[in-house]
Amino acid sequence: MTLRQKLLLVALCTLALPVAGWLYVRQMETLLREGQAQALVASARAMARSLVVVEAPLPPAGSAWYVQAANVPITIDGYADDWASLSPWAQPLGRNAKVMFAEDDRWLYFTIDVRAPQRRRADAADRLALSADHLIISIASNEDAQRYLLASAAPGATTAIALDPEAGVLPDRINAQWQEDGGGFRAELKLPRGLRLDRFGIGVHIAADGDAEPLSADSRPLLEFSPALSQELARLAPDGVRVRVLSPDAWLMAQTGRLTLPDTPANGQPGWFAALVYRSLLATRLDDNAAWTEDAPKIDLPEVREALSGKPATAWRAGEERGSVVLAAAMPITQGGKLHGVVLLEQPSRAVPLLANRALFGLLLTSFGVLLVAGGVLLLFATRLTFRLRRLRNAAERAQDNDGKLDGPFPLIDATDELGDLARSFARLFDVVGGYTDYLRTLASKLSHELQTPLAIVKSSLDNLDHAGLPPEAEPYLARARDGVTRLSALVRAMSEASRMERAIASAEAEDVNLVDVVRGCAEGYRGLAGDRPIEVDVPAEPVVMHVSPELIAQALDKLFDNALSFTPPGGWLRIALHPTVDGADVELANQGPPLPAAMQGRLFDSLVSLRDKATPGEAPHLGLGLYVVRLVAERHQGTASARNIDDGVAFTLHLKGLPRQRLG
């Protein structure tokens, strides 16, 4: 990972600022919602108490039958087609029956659907009717009450017979319809609204069950939507709030107000993106929109169920209009220690989302602006720092390629920061390395010059001793001394030749030659020296013309061949190859033999470095100058010299780019 990437990663840590701000705005939104919820709960509590104080017509405590408004004409035929729109709110009776009530201006309609796979049939007038499947229906109006037996031996029209004939104004018989299917039966009847019924009881007796109490009926009050209670609510309801009163079974008894938002200017209404941000990032507890509760006769919501258990409850849900929310508060209505229903207040609002969105967007814009500025500053700083470090690296690499010599003043040495200290340390280091390298470069010539006079003195002294007539036992010692002087003279000549070679390489002249001819000619000359070692020559068929010094190329190949021959075992192979490259050519000489030590591969072409064993008597000494000369030849041709291990030996490569052409005039 680069330095700029690391600093960019550090800059990303400033993202903690918008995250912390987002958490703060979210907490602020929660507090705003809690304050608004507490205010609406207080309004709901005040309204519940007011309904009790003004003696509003509240629903009775306990269970009741709810009578829905018939939105389509109902025909008494025993079928459920006319009841389809009301069937979602059918009221259960026991384990296997459902009942529905409906009314219009003239009639009260009733239907019951009983699931009873095993049937026993009899008409209501039959003496066996009470032991067959039958219904007990009880109705009451003020002080008058009557029970009816409803049964049928076959589908079709039937009659419910009164069990208490002397019951006042209530009828003795009720016409009904009875229909059956494979899973049970369905009964349907209607009663005049003029009877002013206030209670209705239903008892289902299935002969196959055998556990029904004879002539019993579940009698409950009849409830319906109350316009009078709705008017009372309209006087008490606050502005901008929908108020509904529900029975202890959550049936809608009264309602006033609508979920309408106050008119706001177009620029004050949130867009789709702001609404999405609020619902995704800020609204921590927002239920789905329950628009179906607008006209539903039963409001079965979580906050209503909690209020029916005796505890106030609130809930937030998404509003019908974009960017709005609805707060609902349910409060139980109690009188005399009994639960008479629930008052449900619902208040739409855009204030909380707008405030939260504005705070969030303002925070995000500020945070991202700071982030961009900080990131830009850090990126500029990292770029400048990277540029300065790259200058130090490039200067150090140039000095390494130039044997520790600087090609000019070291960069950044005038800087006053830590990079300036590092640059000055590097400059002092390369000054020391360059001086030591210069010393090593001139060591051979200095030694050869300094050793000339002592060698001459020793040689003349040995000649004088030879003429002085030494005893025979001293002759071996004199011969050894002469041999040592001869080897020292050879060393001095080799060092002198190396110094002359450096000067010759620096002053060599170039010409356009075909390297194929140079390499092939040298290889043919080496065959006589290789003995039983075969030499393979790999050169291209096309000419490879370059502006080089052929003498220097040949001298470098001579040094490489002499080095390779000394390490190639008898019968081992040698290979000389020439490969053109994009910017020049590669001359490679490979030989079979031991691999190069890993520690020596980087120092192999330095001066006075050798891998050969100590020279035996009679052999020329090895000073480690041969590969150094090869390196000088490669650098003179703007190239490099390298060595690498191959599968069965070592390969030395000269990468040549050619000598620069001199301008005439």
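As shown above, the structure is provided for reference.
Remember, predicted model here, so these are calculated numbers, not experimental data.

## What about the overall build of the protein chain?
Thinking step 1. Scanning the protein chain from N- to C-terminus turns up 11 helices and 23 strands.
Thinking step 2. Of the roughly 35,700 Å² that the protein chain leaves accessible, carbon and sulfur atoms contribute 55%.

## A word on the nonpolar core
It is characteristic of soluble globular proteins that their nonpolar side chains tend to be buried jointly.
Thinking step 1. Counting residues in each nonpolar core, the largest one holds 45 residues, and the members touching the most others are Leu515, Phe561, Leu578, Phe652 and Leu654.
Thinking step 2. Going through the elements one at a time, helix H9 (515–530), strand E19 (545–548), helix H10 (550–567), strand E20 (574–580), strand E21 (585–592), helix H11 (626–636) and strand E23 (649–656) are the ones with two or more residues in this core.
Thinking step 3. Counting 41 residues, the second largest nonpolar core, distinct from the first, contains Ala44, Leu223, Leu246 and Met331.

## So, the pattern of salt bridges
Thinking step 1. Tallying each qualifying case throughout the model produces 21 salt bridges.
Thinking step 2. Glu524 is the partner of Arg527 in a salt bridge, and the nearest nitrogen-oxygen pair spans 3.3 Å. Separated by 3 residues within a single helix, Arg527 and Glu524 lie in helix H9, roughly one turn from each other.
Thinking step 3. Given the relative accessible area of 36%, Arg527 is considered partly exposed.
Thinking step 4. By relative accessible area, Glu524 is classed as partly exposed at 46%.
Thinking step 5. The partner of Asp583 in a salt bridge is Lys657, and the shortest N-O contact between them spans 3.9 Å. Taken together, the positions of Asp583 in the loop between E20 and E21 and Lys657 in the segment after E23 put the pair 74 residues apart, joining distant regions of the chain.
Thinking step 6. Residue classification places Asp583 among the partly exposed positions, given a relative accessible area of 40%.
Thinking step 7. By relative accessible area, Lys657 is classed as partly exposed at 43%.
Thinking step 8. One network of salt bridges, in which partners are shared, links Asp113, Arg115, Asp181 and Arg186.

## Concerning the sheet that holds E20
Thinking step 1. Spatially, 5 strands are ordered E18-E20-E21-E23-E22 in an open sheet, and the strand pairing comes out mixed. If you trace the sheet from one side to the other, it starts and ends with strand E18 (535–538) and strand E22 (640–646), each paired once. Averaged over all pairs of adjacent strands, the angle between strand axes in this sheet comes to 15°, irrespective of strand direction.
Thinking step 2. Judged from the 4 bridges that link them, E18 and E20 form a sheet pairing that is parallel. Bridge pairing in E20 links Asp538 to Ala577.
Thinking step 3. Running over the sheet, H10 touches E18, E20, E21 and E23 and is turned about 20° from E21.

## Comments concerning the pairing of strand E15 (residues 325–335)
Thinking step 1. Counting buried positions along E15 gives 9 out of 11 residues, so the element sits mostly inside the fold.
Thinking step 2. Relative to E15, strand E14 (residues 313–318) is paired through 6 bridges, and the arrangement is antiparallel. Its bridge partner being in E15, Thr314 is matched across the sheet by Ala329.
Thinking step 3. Alignment of E15 against strand E16 (residues 338–349), held across 11 bridges, turns out to be antiparallel. What sits directly across from Val325, in E16, is Ser349.
Thinking step 4. Between the antiparallel neighbours E15 and E16 lie 2 residues, among them Gly336 with a positive phi of about 65°.

Definitions and cut-offs
Residues numbered from 1 in each chain as written. Predicted model: local features only at pLDDT ≥ 70, side-chain atom pairs only at ≥ 80, totals over all residues. Heavy atoms only, no water. Helix = DSSP H or I, 4+ residues; strand = E, 2+ residues; numbered from the N terminus. Areas by Shrake-Rupley, 256 points an atom, 1.4 Å probe, with all protein chains shown as cover. Core = buried A, V, L, I, M, F, W, Y, C linked by side-chain atoms within 4.5 Å. Buried < 20%, exposed > 50% of the residue type's maximum accessible area, 1.4 Å probe, protein only. Salt bridge = Lys/Arg side-chain N within 4 Å of Asp/Glu carboxyl O. Pairing = 2+ DSSP bridges. Axes fitted to C-alpha atoms, helices over the stretch in contact; angles between N-to-C directions. Contact = heavy atoms within 4.5 Å.

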